[in-house]
There are 8 protein chains.
Amino acid sequence: MSEQARLDLQRRQRLGMAEAIWGEHKSAEQIAAILVRQQRSGELALATRVDTAKAQAVAALLANDPQLQFHTDARCLSLGSAAAARPALGDVVVLSGGTSDLPVAAEAQLALQWHGIACELVLDVGVAGLHRLLDQLDRLRQARVLIACAGMEGALPTVLAGLLPQPVIGVPVSVGYGVSAGGQAALHGMLASCAPGLSVVNIDNGYGAAMAALRILLSSGAAAEQ
Amino acid sequence: MSEQARLDLQRRQRLGMAEAIWGEHKSAEQIAAILVRQQRSGELALATRVDTAKAQAVAALLANDPQLQFHTDARCLSLGSAAAARPALGDVVVLSGGTSDLPVAAEAQLALQWHGIACELVLDVGVAGLHRLLDQLDRLRQARVLIACAGMEGALPTVLAGLLPQPVIGVPVSVGYGVSAGGQAALHGMLASCAPGLSVVNIDNGYGAAMAALRILLSSGAAAEQ
Amino acid sequence: MSEQARLDLQRRQRLGMAEAIWGEHKSAEQIAAILVRQQRSGELALATRVDTAKAQAVAALLANDPQLQFHTDARCLSLGSAAAARPALGDVVVLSGGTSDLPVAAEAQLALQWHGIACELVLDVGVAGLHRLLDQLDRLRQARVLIACAGMEGALPTVLAGLLPQPVIGVPVSVGYGVSAGGQAALHGMLASCAPGLSVVNIDNGYGAAMAALRILLSSGAAAEQ
Amino acid sequence: MSEQARLDLQRRQRLGMAEAIWGEHKSAEQIAAILVRQQRSGELALATRVDTAKAQAVAALLANDPQLQFHTDARCLSLGSAAAARPALGDVVVLSGGTSDLPVAAEAQLALQWHGIACELVLDVGVAGLHRLLDQLDRLRQARVLIACAGMEGALPTVLAGLLPQPVIGVPVSVGYGVSAGGQAALHGMLASCAPGLSVVNIDNGYGAAMAALRILLSSGAAAEQ
Amino acid sequence: MSEQARLDLQRRQRLGMAEAIWGEHKSAEQIAAILVRQQRSGELALATRVDTAKAQAVAALLANDPQLQFHTDARCLSLGSAAAARPALGDVVVLSGGTSDLPVAAEAQLALQWHGIACELVLDVGVAGLHRLLDQLDRLRQARVLIACAGMEGALPTVLAGLLPQPVIGVPVSVGYGVSAGGQAALHGMLASCAPGLSVVNIDNGYGAAMAALRILLSSGAAAEQ
Amino acid sequence: MSEQARLDLQRRQRLGMAEAIWGEHKSAEQIAAILVRQQRSGELALATRVDTAKAQAVAALLANDPQLQFHTDARCLSLGSAAAARPALGDVVVLSGGTSDLPVAAEAQLALQWHGIACELVLDVGVAGLHRLLDQLDRLRQARVLIACAGMEGALPTVLAGLLPQPVIGVPVSVGYGVSAGGQAALHGMLASCAPGLSVVNIDNGYGAAMAALRILLSSGAAAEQ
Amino acid sequence: MSEQARLDLQRRQRLGMAEAIWGEHKSAEQIAAILVRQQRSGELALATRVDTAKAQAVAALLANDPQLQFHTDARCLSLGSAAAARPALGDVVVLSGGTSDLPVAAEAQLALQWHGIACELVLDVGVAGLHRLLDQLDRLRQARVLIACAGMEGALPTVLAGLLPQPVIGVPVSVGYGVSAGGQAALHGMLASCAPGLSVVNIDNGYGAAMAALRILLSSGAAAEQ
Amino acid sequence: MSEQARLDLQRRQRLGMAEAIWGEHKSAEQIAAILVRQQRSGELALATRVDTAKAQAVAALLANDPQLQFHTDARCLSLGSAAAARPALGDVVVLSGGTSDLPVAAEAQLALQWHGIACELVLDVGVAGLHRLLDQLDRLRQARVLIACAGMEGALPTVLAGLLPQPVIGVPVSVGYGVSAGGQAALHGMLASCAPGLSVVNIDNGYGAAMAALRILLSSGAAAEQ
């Protein structure tokens, strides 16, 4: 790449959130270069969808910079520090239907923590064993925003949004086979939900769900932080 | 139609279930003629997917034969009597997620009653208000087979099959809009279900679900009826 | 319908929002009966997706009850009063790309007003004439939540979410032809958006977007209202 | 995975069937851990969709525990013993259209045997050589439930359900190319079947078909076993 | 239409088959004008997919020309005479799975007869009652070409092509609902067929199947007719 | 595979064509075993869709039997001899739009030659350089049947069927990218063709097109061979 | 509609082309109001996709203003005059495959004429009768830009772009049935074209193709007009 | 490949543009052979979609001919020289939404340069950071033709075509995940665009967009070059 990427370095100032590097279609060289530029300009530097091999290649390119960190569950690379904690904004809980949804749920959690937001994971509460979800209701009632990740038929956010009044953001996960391969069945199930006020992001888009939650926290939090 | 339809009049003897007339793409003349032939040959005579106008046209063609009956909720026409009751085979409960699923649920109920099977409807137990379903669990536990009709995201049979051990047959309903228009989201949600052992029929196929339930009852019932 | 609908009358208490009657697949008789039951139980009584003919039939069934009101732009019927205004919760702006998106935008506006939330429409700010949107930025910066309705390619919420930090809820609209017929292109464009933190509801689901906005306002508003 | 999976260990007690581990999107570490926990809690421990390499990795992690068994045809791993035989519940026959359907058919057979149900395979009875199926009718007539696996156009369960009165569960198989790649043509063919009472599970879902058959056997078998 | 249509009047000389007028998207005026021009140039004049109302409008425009004939079952209009019979070319049998496939089957039959080819219909031989088809095998064995029309899952041509050695042309029919609505399931089922040498035309394309059969008859018939 | 495949060894006697082994989803062991059984029973033994590595594995299993032959272009394995030549049945020409269609075209050619039919390839006559096709018309006019393979937009068979009167069988090829990836655009283009009497087989189904051509040759050839 | 539409009245100054009113989803009242506003502001006033009944309703609302003109073939309404002729910019030819494509072709022609561009129609040159197109090559060679409208398989622009060097804009037309219903097969065929440099607009988008041609003429025409 | 490819060597003379070798489905041997033949016949010799490994294999086959050049960013191989520069025809700017679109943008640039056209890249001007695009407007206003490459939701060409009057050719890029995987969302977004006169090529078809631009330049450039 002879020409430098035209980064949107004002994004955090304009929108309150950093531009993450979507690592899947980028080379290790591209990722390393952008991470360094983001860090130098004082931005949060985070790359998503980075597999282990690519992470190691980036580490080699950056001479194993101790500031570089690979978040295995979330498949993310970060360079430098996270933002300072902002407890006044409230917290988020990320739920998942099954163990296989972990990478997407962990990406959402990390993205929020990286912006200073407290975020807890509640895994394996799929609706085929409903008691597992009902057991968590008290805990869930205390969060400001809920993010629900699910593959297969994707019914978790529907059941959740029928039980609790908070904002619920559904994240379809590309886990499944046959009609649910690629996450389309989960996506359509969430969009078609009979529960009111459930909103949805793209399949596997943990980062996007985190940013949607962050927008919610920010929109009421200006006063709270003062 | 210059040539007579080649009816499968041995079907009930061979399979234990009658060949219903699928009324949607047939004219009133065709439906009337087939009903009469079925009745004369001693078969159960039932036509599905008949709207009010077509039902009236058939009635006129049959000189308002008092044996002809229009089942409004189920959108079906019958000529002659139902089969004798077979209480030893056990009963079926048909559930629906919302009021709009009624025609499909009623078609399933009628088809079973027409073959002599006791069948009750439990309406409006969609998962966005979960308590409505949980309130019915004791009643549902006593049925031999459960048929669950749902449009939109179609999560009802998934939740049901996670709670109860009976055979659960999911019927996606073509109620919805956007991604759920035509029932595809419900169909895919049921097929992709994380609940074990849920089986599914075509969208709006209340008759088919009834026949699948009948096969189940018949397969264990031979002994019971003796 | 021999059996009464099993309404979710506790929904407003549980979730802070009423169960709207989805009018499209229901008869005038069904809508009239549910509206009356909702009103009697003290619930907000609102039916969406009701065309003029069906609205007149409901009015006739309810003997032209003066409490019944047809909202033409929004294609909704209401019976009784809206909730009291809740100014402390903040307000919402609903944007639309073109004139043809009006019914969906108006449904979102009405649903919010019906729950006591102030809501303004900003129409015809499609991105093919970008200055129309840029002219509104100062106004938009003051809203708590933005709902952006768009058909065709559905780029409006993407551009909006790149410019402003608030929660943005995209509503794809089934306006278009060829590849955009039915709203699929707009839906996919919003889900695939390169702007961070945009969340989406089903095609034409103005009511759902309103309820997602209401959840956001409620989640931070408890304190504000005291 | 820092947090332990929240297993649904009461499932067998509640539904009469164990929760299988869907191995495709899980690591060898995750599979090994769950198998051990299932075994320790007295559950049937079975993982589906495990390829040879992953099976060997699990074996290494479990120190080649002699209780661990890899079922090559069915691509399943089990740990510990199967349930005791339950001959009073009746038996199941699993049919397949072609040799390539074997993995799915074998998964269904194993899942039933693992729950104590007798189950026989009848392979290569595709409808392009109809005599192969007709030759088996006498044998098939004696089974309680039939499971029919087919890829390509998926016509086998349709022909079968037109010939025999038992419950028939169709399993589309992702074998084919062009329009049948991924199993969609077979799935749609089975759902659209003109044969009455055929029900269907997701593509390649041999385990699900087995559990649907088990529900049928259980629903009439309580009495039989006493 | 100010400009005259540019008809392909040499088609019959070049290809041995006439250009039929596809009536569905044309006005009565357009159809009438083209029929007259075809007749005047000595061509076979045939319009397909004409409903009763449009046929009457064409008749009025042509002053009820006695040469104009409406073929009700086939939904076709002809003007003038059919081609002379060509018995040496051999005959075709058109089969259909159900009564609802009649319009497509009749269109194929008429198109062949109009070109001088003997053609018989065999209706209602769907595979859910297999004996109805097996009863016809002797008759079918004597035809030069078989055209098999089927909606729903479309399995008829597959079973047929597995039993008989002649050319079999499958015609999917847009009869069905849910996944088979519009004929896609039947189309895919025929293309994915496990029977060797089945070829397929577009959904509802009875005329096209007839022309494919005519090409076959012509390719070997030159000698036979001398 | 503990149970032997149930081969359709009577197929050639019944239909005049052998059952090819579809090699893609079968192991080298399965292919080797079936080839040997077919050869021993006197059948033509041919396996399609075999890549080089699998072909070598089969060769090793059969101890490099000199009767085993790998047809590189066609990706097929044969064991034993082809059928005797049947010149009286006439010949077939297989055309292709581009170089990338070669494997499918060669599979069709080999399948015909294997059944004793003369068959020539005419490559690279795509319609973007129309003169290349027009130059071949005299040659093509002498063939009994034409098979036209094309990927991308798949227009070749349409143009061909508008120019020549013989049977034309279109074979969509899974060559392309974007909307033509997988061959769907070519398939739909051929089915939707405005040229009369074009029939189509599944994507990449060279063998199927050959068998459709063979059915045509056989249907008129019985007399010719005597 | 209580709020006035926010028209993009500077579009012609900015882009050299007027904003047409897309009439399909607008009421007669909306269309009449926008036409009047456009005319008053000195803009070209043109509404597309207006059927005869809606056109008459608009005429009634505008008191049969003699400046209002309904273009029947193109299904467009105009108010006031077209732009002055701009012969120095060069001309466009619009081709169509069949008579049924006329409305789309005529919309493209009118849109160009309305902007002062000379434009001729060449109808019925579909590729199934190739000589009809080849006969027009000399005429076509003289146009600056070619717009090719086609439904069914949509092969016309591909063949055209292989023969001539000018810009070719393909317009898929929603004429067809089965796989070509709605114009998807034609759209995909044009996008997948093996001919180099063919560009495409949305299905039925005659106006869009005209504006794409206008952009081409404008980009080189500034000098020419001086 | 025993038969030589039938190249369209007159294409450049007929259309003004060379036939590129689409390298993706061809072997190194095929590519090497065609490049040599093109070069020998005096044609521009260019192969697209060649990965590094295949490029090295071709280089080995051509004995590292110094005339062979691999263009890494564009994934193209060329043999021999580009055409002479044609500055009088005007220039093209290729824009891209993000870094991941580079290969497609670079292919378009190279294809134009190879035909003698000046072409500049403007990368990373996606609409989520609108100021990056607005900053380039003065530069863009001076180009004759704009090519806009974008994945994800593909809104860049829509915004661009609303701001500038030149011909804009949209190239959807197969970058994204979930609903945007494969580029379908971007393709549909561009086709459905509310901006007038945007035309589109197939997903990832940088070469095709370049040829569409070249057609535009050629159509007005004959005079300019004299």
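Residues numbered from 1 in each chain as written. Chains lettered and ligands numbered in written order. Predicted model: local features only at pLDDT ≥ 70, side-chain atom pairs only at ≥ 80, totals over all residues. Heavy atoms only, no water.

## Structural notes on the interface of chain A and chain C
It is common to give the size of an interface as the accessible area lost on bringing the parts into contact.
And step 1. Facing the 31 residues of chain A at the interface are 31 residues of chain C.
And step 2. In total, about 2,600 Å² of surface goes out of reach between chain A and chain C, with carbon and sulfur atoms giving 56% of it.
And step 3. Of all residues in chain A, Leu191, Pro196 and Arg215 of chain A give up the largest surface area on contact with chain C, accounting jointly for 25% of the area buried on that side.
And step 4. Linking chain A with chain C are zero salt bridges, by the criterion used here.
And step 5. Applying the counting rule to chain A against chain C returns 14 residue pairs in polar contact (both at pLDDT 80 or more). (Contact = heavy atoms within 4.5 Å. Buried area = accessible area lost by both parts, 1.4 Å probe. Salt bridge = Lys/Arg side-chain N within 4 Å of Asp/Glu carboxyl O. Polar contact = N/O pair within 3.5 Å; in protein donor to acceptor, adjacent residues only side chain to side chain.)

## As for the relation of the copies chain A and chain C
And step 1. The two copies are related by a screw operation: chain A maps onto chain C through 180° of rotation and 0.0 Å of translation along the axis, at an RMSD of 0.0 Å. Read as a symmetry element, the transformation amounts to a two-fold axis. Of the C-alpha atoms belonging to chain A, the one lying closest to the rotation axis is found on valine 200 of chain A, 2.5 Å away.
And step 2. Interface residue correspondence from chain A to chain C reaches 100%, placing this contact among same-surface, isologous pairings. (Least-squares fit on C-alpha atoms with pLDDT ≥ 70 in both.)

## Overview of the pattern of salt bridges
And step 1. Summed over the entire model, instances satisfying the criterion amount to 31 salt bridges over all chains.
And step 2. The closest approach of N and O atoms between glutamate 120 of chain F and arginine 139 of chain F, which form a salt bridge, is 2.5 Å. One end of the pair, glutamate 120 of chain F, is in strand E6 (residues 119-122); the other, arginine 139 of chain F, is in helix H6 (residues 137-140), and 19 residues separate them in sequence.
And step 3. What makes arginine 139 of chain F partly exposed here is its relative accessible area of 23%.
And step 4. Salt bridges linked by common partners bring Asp91, Glu120 and Arg139 of chain A together as one network. (Helix = DSSP H or I, 4+ residues; strand = E, 2+ residues; numbered from the N terminus. Buried < 20%, exposed > 50% of the residue type's maximum accessible area, 1.4 Å probe, protein only.)

## A short note on the domain arrangement of chain A
All names here are of chain A.
And step 1. What the domain assignment reports for chain A is domain 1 (2-79) and domain 2 (87-225).
And step 2. Placing a centre on the C-alpha atoms of domain 1 and another on those of domain 2 gives a separation of 25 Å.
And step 3. Opposite the 17 residues of domain 1 that make contact, domain 2 presents 15 residues.
And step 4. For the pairing of domain 1 and domain 2, the buried interface totals around 1,400 Å² over both sides, and the portion due to carbon and sulfur atoms is 68%.
And step 5. There are three residue pairs in polar contact (both at pLDDT 80 or more) connecting domain 1 and domain 2.
And step 6. Of all the secondary structure elements, the ones that give two or more residues to the side of domain 1 that touches domain 2 are strand E2 (45-48) and strand E4 (76-79).
And step 7. Ranked by the residues each element gives to the side of domain 1 that touches domain 2, the list is headed by E2, at three residues.
And step 8. In the side of domain 1 that touches domain 2, the residues fall into nine nonpolar, four polar and four charged. (Domains from an automatic or database assignment. Nonpolar A, V, L, I, M, F, W, Y, C, P; charged D, E, K, R; others polar.)

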